[in-house]
Amino acid sequence: MKTTTTGERAQFAAIAQLVAEEAGALVSAGFRSRPPVESKGPSDLVTEYDRASEDMISMRLGSLAPGIPVVGEERGDGFAPMALRSGLVWYVDPLDGTTNFVHGHPFWSISVGLFDGDEPIAGAVVAPALGLRWSGWVGEPVSVTGRSGRHGEARRNGQRCGVSPTLRLEDALVATGFPTVRNVAPANNFHSFMSVKHVVQGVRRCGSAAIDLCMVADGTYDGYWERKLNIWDVAAGCAMVLAARGRITALDGRLPNYHDGHIAVSNGHLHDALVEAINA
């Protein structure tokens, strides 16, 4: 059920951007400093900046949008109980691309997304080392085709943006990623990577799902897919894609379940071809 007006969604997007930029400034202080690192699992790192960023975001969202639960990566299990999914919930990744950050690679971001029930409705992603920030909000409820409705707004560095006009998969630049545990197929995404690589112009793997999604929204990438993502990875970026008139489905082309972490995203024009290639 739609519980927010378009004006409220636009306001939430502005709040998300403000908070993400503040957290981005905090995290930037540690960039290329080789901060101490802890491991949460194989290839799954965390630093003091992840935790400090999440604490700041939670505090600021609580002040600017009181009463809305905040689910973050570092201070909880990142899973919103079913009781929370009937209303507004913030999903926060305080430092998406921690491995990149630790090694001094610039592809990392702060992601702040808002869901209404099980649908993304607003969010912002800030990538300080790249000098990029995205924000957006979804107007009409998402349709059965996996697209947003007629209203909404997506912006990159303050300028309106939208998905690419690319029609053919062979002309497409797409992105993907790989899970931290990569010893089991098809969950490791290796087969799909090779399948898609054979039919597209290029595949990029940059290490921040939030940035990848935003680059579909702003027309840089024509498509993106990934497996085993977390809800905080996709919340803001998926709102951006829908706000930019893109399409999101499950990997098999059915309606997406944002909580299971298996998604295919595109400009809409080549979506069916991308899904076919992923599953070839």
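Whatever comes next refers back to the structure up there.
Residues numbered from 1 in each chain as written. Predicted model: local features only at pLDDT ≥ 70, side-chain atom pairs only at ≥ 80, totals over all residues. Heavy atoms only, no water.

### Focus on the overall build of the protein
Check the secondary structure of the protein and you find 7 helices and 14 strands. A buried classification covers 54% of the 280 residues belonging to the protein. At a minimum sequence separation of 6, the contacts of the protein that also span at least 24 residues come to 65%. (Helix = DSSP H or I, 4+ residues; strand = E, 2+ residues; numbered from the N terminus. Buried < 20%, exposed > 50% of the residue type's maximum accessible area, 1.4 Å probe, protein only. Contact = heavy atoms within 4.5 Å.)

### Here we look at the nonpolar core
Of all hydrophobic cores here, the largest spans 41 residues; its most connected members are Trp134, Leu213, Tyr224, Ile248, Ile263 and Val265. Within the residue set of this core, elements represented by two or more residues are strand E4 (88–96), strand E6 (119–127), strand E7 (132–138), helix H5 (209–217), helix H6 (231–243) and strand E14 (263–266). At 10 residues, the largest contribution of residues to this core is made by H6. In this structure, Val19, Ile68, Trp90 and Ala124 belong to the second largest nonpolar core, which totals 26 residues. (Core = buried A, V, L, I, M, F, W, Y, C linked by side-chain atoms within 4.5 Å.)

### So, the state of the cysteines
Counted by the stated rule, this structure contains 0 disulfides. Cys214 provides the cysteine sulfur closest to Cys161, a residue in no disulfide bond, and the two sulfurs are 8.2 Å apart. Taking the relative accessible area as the measure of exposure, Cys161 reaches 17% and is therefore buried. (Disulfide = S-S within 2.5 Å.)

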